[in-house]
Amino acid sequence: MGILFVLISLGLLIFFCCRGVPIFFAALISGIFLLITAGLNPIEQMTTTYVNGLAGYFGQFFFIFVLGSLFGKLTDISGAADSIAQAIIDKLGDKFIIPSLMVAGAVLAYGGVSVFVCMFTLYPLMVSLFKRGDISRTLIPAVYFCGAGTFACMMPGSPQIQNLMPGQILGTPATAAFVPGMISAVFEAVLVFAFMIWYAKRSKEKGEHFEMTEKDRQTLALKEGRELPSVIIALIPMIILLVTLNIFKFTAELALFTGCISALIFYYKQIPWKDIWKHLNDGTKDGTGSLFNTSAVVGFGSLVQMTPAFDTLITAVTGIGGSPLIASGIAVTLLAGVCGSGSGGMGIVLPIIKEYFVPMGVNLEAMHRVCALASLGLDSLPHNGLVVSVLNVTENDHKHSYFPVFITTCVIPLVTLAFMIALFYAMGMA
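First things first, this report covers the structure right here in the doc. Remember, predicted model here, so these are calculated numbers, not experimental data.

1. Details of the overall build of the chain
(1) Moving on: Within the chain, the regular secondary structure consists of 20 helices and zero strands.
(2) Moving on: Expected size for 430 residues packed as a compact globule is a radius of gyration near 22 Å; at 21 Å, the chain falls within 12% of this value.
(3) Moving on: When its C-alpha atoms are laid out on the principal axes, the chain stretches across 65 × 50 × 45 Å.
(4) Moving on: Counting over 430 residues, the chain shows a buried share of 56%.
(5) Moving on: In the chain, once contacts between residues fewer than 6 apart in sequence are set aside, the share between residues at least 24 apart is 81%.
(6) Moving on: As displayed, the chain offers around 17500 Å² of accessible surface, 68% of which is attributable to carbon and sulfur atoms.

2. Looking at the state of the cysteines
(1) Moving on: Per the counting criterion, the structure on display carries zero disulfides.
(2) Moving on: No disulfide involves Cys260; its sulfur sits 15 Å from the nearest other cysteine sulfur, which is in Cys118.
(3) Moving on: By relative accessible area, which is 7% here, Cys260 ends up buried.
(4) Moving on: Between Cys410, a free cysteine, and Cys146, which holds the nearest cysteine sulfur, the sulfur-to-sulfur gap is 12 Å.
(5) Moving on: The exposure class of Cys410 is buried, given its relative accessible area of 1%.

3. Notes on unusual backbone geometry
(1) Moving on: One non-glycine residue, Asp134, lies in the positive phi region at around 55 degrees.
(2) Moving on: You can see Asp134 is positioned in the loop between helix 6 (115–133) and helix 7 (140–148).
(3) Moving on: Backbone geometry places Ala177, a non-glycine residue, at a positive phi of 50 degrees.
(4) Moving on: You can see Ala177 is positioned in the loop between helix 9 (161–170) and helix 10 (178–205).
(5) Moving on: What makes Ala177 buried here is its relative accessible area of 3%.

4. Some thoughts on the packing of aromatic side chains
(1) Moving on: Overall, the coordinates contain 17 aromatic pairs when judged by the stated rule.
(2) Moving on: Ring centres of Phe187 and Phe419 lie 4.0 Å apart, and the angle between their planes is 5 degrees; this geometry places the pair in the stacked category. Highlighted residues: Phe187 in helix 10 and Phe419 in helix 20 (residues 398–426), separated in sequence by 232 residues.
(3) Moving on: The class of Phe187 is partly exposed, set by a relative accessible area of 25%.
(4) Moving on: Centre to centre, the rings of Phe248 and Phe250 are 6.2 Å apart; their planes meet at 40 degrees, and the pair counts as tilted.
(5) Moving on: Classification of Phe248 as exposed rests on a relative accessible area of 56%.
(6) Moving on: Each residue in the set Phe195, Trp198, Tyr199 and Phe403 is aromatic and connected to the rest through ring pairs, giving one cluster.

5. Considerations on the environment of Val107
(1) Moving on: Here Val107 is to be found in helix 5 (residues 97–110).
(2) Moving on: Spatially, the C-alpha atoms of Val107 and His209 are 28 Å apart, while their sequence positions differ by 102 residues.

6. Some details on the side chain of Ser302
(1) Moving on: In this fold, Ser302 is placed in helix 14 (residues 276–306).
(2) Moving on: The residues contacting Ser302, other than those within four sequence positions of it, are Thr49 and Gly53.

7. A few points about the nonpolar core
(1) Moving on: By size, the foremost hydrophobic cluster in this structure holds 136 residues, and its most contacted members are Phe61, Leu101, Leu108, Phe130, Tyr144 and Met196.
(2) Moving on: Among all residues touching Leu108, those that are not within four sequence positions of it are Ala81, Ile84, Ala85, Val113, Cys118, Thr121, Leu122 and Met238.

Conventions adopted
Residues numbered from 1 in each chain as written. Predicted model: local features only at pLDDT ≥ 70, side-chain atom pairs only at ≥ 80, totals over all residues. Heavy atoms only, no water. Helix = DSSP H or I, 4+ residues; strand = E, 2+ residues; numbered from the N terminus. Rg over C-alpha atoms; globule rule 2.2 N^0.38 Å. Buried < 20%, exposed > 50% of the residue type's maximum accessible area, 1.4 Å probe, protein only. Contact = heavy atoms within 4.5 Å. Areas by Shrake-Rupley, 256 points an atom, 1.4 Å probe, with all protein chains shown as cover. Disulfide = S-S within 2.5 Å. Phe/Tyr/Trp six-rings, centres within 6.5 Å; stacked < 30°, edge-to-face > 60°. Core = buried A, V, L, I, M, F, W, Y, C linked by side-chain atoms within 4.5 Å.

This is how it looks when you write it as structure tokens:
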């Protein structure tokens, strides 16, 4: 019966998220229900266990979230992200509109630009190119997610939170399981690109065309006449970030800090210094806001661990397929879906993995890579905050735009996860 109540509390969490309830309140209400049905004192547990879980995660990942957000903000306000995206698109040409936009998103994401900043960078370019190619604007969200929200975030060496978080908890490098990780990333990229190109072609065959909105016109007007840094200058801070993280083995926090300082130096001419403190403050707010939402879910996970049913669940999960690797992949995938957040799902599961699975002798680098990919499986279900935000920003809706997003960010990553785990078995790393 206890397990049933745990599952119901998880169901409540996802229900409230789908209904638009802020994640903190959703976690709070679901947590209180969980504690009452488990026979635990809700006041005592909420003020100790929940707060400690939330605060511990918030403190551990504070600088990663904030510095990552600041780096993205600097690439945005300087025009560096626009410069890189435009250079890629100009190089590939009008014949490859969909692939060029996806490549641009992947380069920016792997270079350390947050996926939300990528959206605002690529949106004007998408509008312009979709209009030129007469491609339905309902595909804008899917094309964006294909590049910035799939393989680029789980690739070895990526400075995105999905790749950094397992390293922070498991003590593995950002390049963990480099060869199988890269093979899996290429596998996923091929599937994503092939599906999106086919879907765009099918859309045209069905007679769907581009329809300019007033917001599109205003967005294009805002970008006109903006001075951008050269693509070489734009890339330098990103390269410095990747080199310090993956070659010099700086900690994630120090590598991100180095990237921010490099951005201030190399983007000096394009940064609007008059409003610099406002922009930095906005970047800090964005980072802490994302971190707090994830921490709220982690706090809920701490409550789950206090219930008598938790040990039973752990026994069941560790027995899945007889492999901690498979069990962890499934657990992260499911909880990322429940939370509507890959980092939230990992925040709950990774401490459990460290305590229960690591002593079993599992390959930590393989575990790192599996968790990074699994966090990008069901995290983008309809209730995901970024999915909702992107649909709103691009003036689209779930009915007309979500299906290709679901295939490329949920179905294909799950297929890739199965491929990756099989690869680890084949290479003797499972």
